[in-house]
Amino acid sequence: MDFDLTDAYLRRIGAERPAAPTTRALHDLHLAHLRAVPFENLSIHLDEDIELTEESLAAKVVDAHRGGFCYELNGAFAALLTALGFEVTLMQARVYDASGHPGIPYDHLALRVRTSDGGDRLADVGFGTHSHFPLDFGDRGDQSDPGGTFRITETPEGDLDVSRDGKLQYVADRRPRALGDFTAGAWWHRTSPRSHFTQSLVCSLLTGTGRITLSGRTLTTTTAGERRVVELATDAEVLDAYATHFGIVLKQVPQVKEQVPQVKKRA
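What counts, and where the lines are drawn
- Residues numbered from 1 in each chain as written.
- Predicted model: local features only at pLDDT ≥ 70, side-chain atom pairs only at ≥ 80, totals over all residues.
- Heavy atoms only, no water.
- Salt bridge = Lys/Arg side-chain N within 4 Å of Asp/Glu carboxyl O.
- Helix = DSSP H or I, 4+ residues; strand = E, 2+ residues; numbered from the N terminus.
- Buried < 20%, exposed > 50% of the residue type's maximum accessible area, 1.4 Å probe, protein only.
- Pairing = 2+ DSSP bridges.
- Contact = heavy atoms within 4.5 Å.
- Axes fitted to C-alpha atoms, helices over the stretch in contact; angles between N-to-C directions.
- Polar contact = N/O pair within 3.5 Å; in protein donor to acceptor, adjacent residues only side chain to side chain.

Chemist: Explain the pattern of salt bridges to me, please; I cannot follow it from the model alone.
Modeler: Overall, the coordinates contain 14 salt bridges when judged by the stated rule. Note that Asp7 and Arg17 form a salt bridge whose closest N and O atoms lie 3.0 Å from each other. Here Asp7, found in helix H1 (residues 3-13), pairs with Arg17, found in the loop between H1 and helix H2 (23-36); they are ten residues apart in sequence, far enough to count as distant. Residue Asp7 is classed as partly exposed on the basis of its relative accessible area, which comes to 22%. We classify Arg17 as partly exposed; its relative accessible area is 33%. The closest approach of N and O atoms between Arg151 and Asp142, which form a salt bridge, is 3.0 Å. The partly exposed category is assigned to Arg151, whose relative accessible area is 31%. What makes Asp142 exposed here is its relative accessible area of 52%. Three or more residues joined by partner-sharing salt bridges are found here, namely Glu40, Glu48 and Arg66.

Put into structure tokens, the structure is as follows:
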């Protein structure tokens with residue numbers, strides 16, 4: 001990512017170029033990203049290509065003023081941090097389901113970030129509702145954050161379990177990965193009837209007072225813990241909500257396609 005694109009990315013998230021890649025700078029960039037770039041899966045339902053390269057991800061986030069899901073958001077954020085002098089390692093993770101079982105390999109992309117003033121951080125701007133600030137990668141106790149109480153624990157296999165308010169979120173493999181390694185996981189989430197991304201629409205953004213989420217035609221605003229839910233009646237209202245609350249200008253309303261059930265073949 002060159003100097004001009006880096007500056008454009010910083011303007012996109014309303015952040016200043018840091019003087020050095022410090023822990024404080026990472027802290028500020030992480031929060032700024034969460035408040036400016038929405039977690040959204042609209043491309044899946046608009047038949048838009050998702051290409052996991054730094055160039056295409058930066059073009060989507062910066063030029064098109066869009067968001068994305070984990071591979072896109074953390075992939076783009078990693079490119080920005082690297083351009084600013086941070087040492088970034090991409091890690092593959094498996095997301096735990098409601099029954100406590102981990103999902104497919106490369107289910108999620110998370111970031112290990114080393115700062116110039118020492119110590120590693122777990123950065124993640126692509127998990128929807130999660131920590132507002134990077135977590136201390138080496139801390140094995142409770143870590144308090146506006147998004148909840150987080151804990152990183154080592155598994156018997158040497159991986160890292162990440163939990164929020166006592167509930168397991170994902171298990172991360174510490175080995176370094178390349179952005180292209182996540183292509184199969186992204187493809188699965190874009191195409192499989194078993195992926196929650198193909199079954200629902202979501203566009204969500206952290207705000208200074210809470211969070212705002214548009215799920216289909218349901219607009220939910222959370223302010224200081226209080227939720228306000230509005231059902232949008234028309235396509236025009238939906239398009240206006242995308243533009244007003246998320247800065248996303250669309251020509252058509254995304255629609256969840258009917259999923260064709262998979263038929264199991266007999267042996």
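Chemist: Which parts of the structure should I look at to understand the sheet that holds strand S11 (residues 210-215)?
Modeler: Working definition: the strands of a sheet are paired by backbone hydrogen bonds and lie parallel or antiparallel to each other. Taken in spatial order, the five strands of this open sheet run S1-S10-S11-S12-S13, and their pairing is antiparallel. Each having just a single partner strand, strand S1 (39-40) and strand S13 (226-231) make up the two edges of the open sheet.

Chemist: What am I meant to see in unusual backbone geometry here?
Modeler: The phi angle of most residues is negative, glycine excepted, and most peptide bonds adopt the trans form. Positive phi is not limited to glycine here, since Asp47 has a value of about 55 degrees. One can find Asp47 in the loop between helix H3 (42-45) and helix H4 (54-63). Owing to a relative accessible area of 62%, Asp47 belongs among the exposed residues under this scheme. At His65, a position not held by glycine, the phi torsion is positive, near 55 degrees. By the element assignment, His65 lies in the loop between H4 and helix H5 (70-83). Taking the relative accessible area as the measure of exposure, His65 reaches 32% and is therefore partly exposed.

Chemist: Whenever I open this one, the sheet that holds strand S3 (residues 108-114) confuses me. Can you help?
Modeler: Here eight strands make up an open sheet; going across it, the order is S5-S4-S3-S2-S9-S8-S7-S6 and the pairing antiparallel. The open sheet has two edge strands with one neighbour each: strand S5 (135-136) and strand S6 (142-145). Relative to the sheet, H5 contacts strand S2 (87-95), S3 and strand S4 (120-123), its axis offset from that of S3 by approximately 20 degrees.

Chemist: Please explain the side chain of Gln92 as it appears in this structure.
Modeler: Tracing the chain through its elements places Gln92 in strand S2. Using a relative accessible area of 9% as the deciding quantity, one classes Gln92 as buried. In terms of polar contacts, Gln92 uses its side chain to reach the backbone amide nitrogen of Tyr106, at 2.8 Å. When residues no more than four places from it in sequence are discounted, the contact partners of Gln92 are Pro105, Tyr106, Asp107, His108, Val171, Ala172, Asp173, Arg177 and Phe182.

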